[in-house]
Amino acid sequence: MFIPAAKALDPLTSLRRHLTAERVNRYFSFACFFSPPVLGSVVSFVFHGGALWSLALLAAGRRRLNIDRPMLGMTIAICAYCAAQIVASIVNGTLRADVTHFLPLVTLLLFPISYSTWSITDKADLARLAVLASAAACVGALVLAVVQYHWIGMLRAEGGAGNPIVFATVTCLAVMMCLAGALSGVERAWRPLTAAALAGVIATVYSGSRMVWLALLIAAVAVVAINRKRLTRPDTRRVLVIAGVSGLLTAAITFPIVADRTHVLFDNWNSLTNKGDHSTPLGLRVGLWEVGLDAFRHSPLFGHGMSASRTISTQGFKERFGIQGLSHFHNGFLTASVQAGLVGALALAAIFVVAIRNAITVLRFSADPTERFGATMIVLTVTTYLVGGLAGMLVGHDILDSTLMIFLISGTYLACGRTISPVR
């Protein structure tokens, strides 16, 4: 049967009309916030793919670079950190060896590109999408954690991230999005969000990442503190009741895990102090910190370069303790200090300082719920990364880097960014 060409093109025309720039951005945003706990490195492919597509649209003149003050401040801080790493390699003569190690910096440098594309999205829609996607991620994270821990027999759940610390970090952020969405009024369905947040908390406990447990508690207090003026007396009672019931339920479900991880911590401490054992997780971290601090003292200003830093953390640890070390020092700022010295550590800190400054300014002067939600997102991201990074990584991991950019871009845009229209 002959089909006229005009009719054959109808589905393509309909699809083109359906996939508007704004609608594509919504699908992309949902994937970005849902992927980290459940699909792991998929978030890196999604984020980088979106950024490269955005770059192509900018080059073709179909998008405009959104250069507003918040974006400019964040971009300068990120570029300063990347420049510090490159300068450190030049000073140390390791530029050729460090070239491949510079690849993770590309994720950070995509900030202004992705920011400009996200800026065409309606702020209220983006805030709601972030909350709903995070709620779905919390539920998915719990399903994976239960399967991995109880059925597969893994000692620590890794979710889709393939690493318990990374899984705990991104799940913690998803939990906080649910709480922030419920308390800020961005999403009115607070009961499903509360249930999703509880699922995420349990999944985080299954990861066994104690520093992220601490980050979870601090971030939860921060959410309540930021939204305290919205809470009436009955609301406060409801929050306290929900928190109490959720705490008891979480304790009942996860008590064996918490007890076991606490027992392991004390055992590690006793082995380290009494026997000098650096083969345990705690002993390994303490040993890496000692090696890292010594390396920083030898080259405090510009460090040793990225490749040399990895050699120091692996071979240097082995030479001192007879055990193979890791590729980083299990402390984000110490790793940056060994790589690029004080210059690198300060530049890395500047990223978080600029972000938190933007958030505090909005929280002080704005009453708009969406803007305050964006500022809360920034505060929670900085809190989670800094606390978790004290005994883990801050940057340099594909999932952590992509997730950090997603949350900083979205949070900055929602809090104080300028909305622009796409070029038709």
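Up top is the structure these notes are about.
What you see is a predicted model, and the numbers here were worked out from it, not measured in a lab.

Thresholds applied
Residues numbered from 1 in each chain as written. Predicted model: local features only at pLDDT ≥ 70, side-chain atom pairs only at ≥ 80, totals over all residues. Heavy atoms only, no water. Helix = DSSP H or I, 4+ residues; strand = E, 2+ residues; numbered from the N terminus. Expected span 1.5 Å × (residues − 1). Buried < 20%, exposed > 50% of the residue type's maximum accessible area, 1.4 Å probe, protein only. Contact = heavy atoms within 4.5 Å. Polar contact = N/O pair within 3.5 Å; in protein donor to acceptor, adjacent residues only side chain to side chain. Core = buried A, V, L, I, M, F, W, Y, C linked by side-chain atoms within 4.5 Å. Axes fitted to C-alpha atoms, helices over the stretch in contact; angles between N-to-C directions. Parallel < 35°, antiparallel > 145°, perpendicular 65-115°, else oblique. Left-handed = near helix turned anticlockwise from the far one by under 90°. Nonpolar A, V, L, I, M, F, W, Y, C, P; charged D, E, K, R; others polar. Phe/Tyr/Trp six-rings, centres within 6.5 Å; stacked < 30°, edge-to-face > 60°.

Some details on helix H5 (residues 69-92)
Okay, step 1: Over its 24 residues, H5 extends 35 Å from the first C-alpha to the last, a length consistent with the 34 Å expected when each residue adds 1.5 Å.
Okay, step 2: Within the sequence span of H5, burial applies to Pro 70, Met 71, Met 74, Thr 75, Ala 77, Ile 78, Tyr 81, Cys 82, Ala 84, Gln 85, Ala 88 and Ser 89.
Okay, step 3: At its buried positions, H5 is contacted by helix H6 (95-98), helix H7 (103-109), helix H8 (111-118), helix H15 (306-321), helix H16 (332-365) and helix H18 (398-416).
Okay, step 4: The residue sitting at the N-terminus of H5 and contributing the capping side-chain oxygen is Asp 68; that oxygen lies 3.0 Å from the backbone nitrogen of Met 71.
Okay, step 5: Two residues or fewer past H5, Gly 93 is found with a positive phi of approximately 70 degrees.

Some words on the nonpolar core
When a protein is soluble and globular, its nonpolar side chains tend to lie buried together.
Okay, step 1: With 99 residues, the main nonpolar core has Tyr 81, Phe 111, Phe 373 and Met 405 as its most contacted residues.
Okay, step 2: Here this core takes 13 residues from helix H10 (residues 164-184), the largest share from any one element.
Okay, step 3: Apart from the residues lying within four places of it in its own chain, the contact partners of Tyr 81 are Leu 105, Leu 108, Gln 339, Gly 344, Ala 347, Leu 348, Ile 351 and Val 395.
Okay, step 4: Core analysis: the next-biggest nonpolar cluster, separate from the first, contains nine residues, Leu 284, Val 291, Leu 334 and Val 338 among them.

Quick word on the packing of helix H3 (residues 21-39) against helix H4 (residues 42-59)
Okay, step 1: Their axes nearest at 7 Å, the elements H3 and H4 cross at an angle of 155 degrees. Judged by the angle between their axes, H3 and H4 are roughly antiparallel. For the pair H3 and H4, the sense of crossing is left-handed. Facing Phe 28, Ala 31, Cys 32, Ser 35, Pro 36 and Leu 39 of H3, the residues of H4 in contact are Val 42, Val 43, Val 46, Phe 47 and Gly 50.
Okay, step 2: Grouping the constituent residues of the contact of H3 with H4 by class yields nine nonpolar, two polar and no charged.

Details of the environment of Ala 88
Okay, step 1: Note that Ala 88 resides in helix H5.
Okay, step 2: Accessibility expressed as a relative area gives 0% for Ala 88, which makes it buried.
Okay, step 3: Separated by 213 residues in the primary sequence, Ala 88 and Leu 301 place their C-alpha atoms 8.7 Å from one another.
Okay, step 4: In this view, Ala 88 contacts Phe 302, Gln 339 and Ala 340; residues no more than four positions away in its chain are not counted.

Re the packing of H5 against H18
Okay, step 1: At a minimum axis distance of 10 Å, the contact between H5 and H18 shows a crossing angle of 150 degrees. Between H5 and H18, the crossing angle belongs to the class labelled roughly antiparallel. Counted together, Pro 70, Met 74 and Ile 78 of H5 and Met 405, Leu 408, Thr 412 and Cys 416 of H18 form the full contact between these two elements.
Okay, step 2: Each residue belonging to the contact of H5 with H18 can be placed in one class, and the counts come to six nonpolar, one polar and no charged.

Digging into the packing of aromatic side chains
To describe a pair of aromatic rings, one takes the distance between the centres and the angle between the planes.
Okay, step 1: For the coordinates displayed, the defined rule picks out seven aromatic pairs.
Okay, step 2: Relative to Phe 321, the ring of Phe 317 lies with its centre 4.8 Å away and its plane at 45 degrees, an arrangement referred to as tilted. Pair noted here: Phe 317 and Phe 321 are both in helix H15, with a separation of four residues, about one helical turn.
Okay, step 3: The class of Phe 317 is buried, set by a relative accessible area of 0%.

Keep in mind that these numbers describe shape and distance, not what the molecule does.
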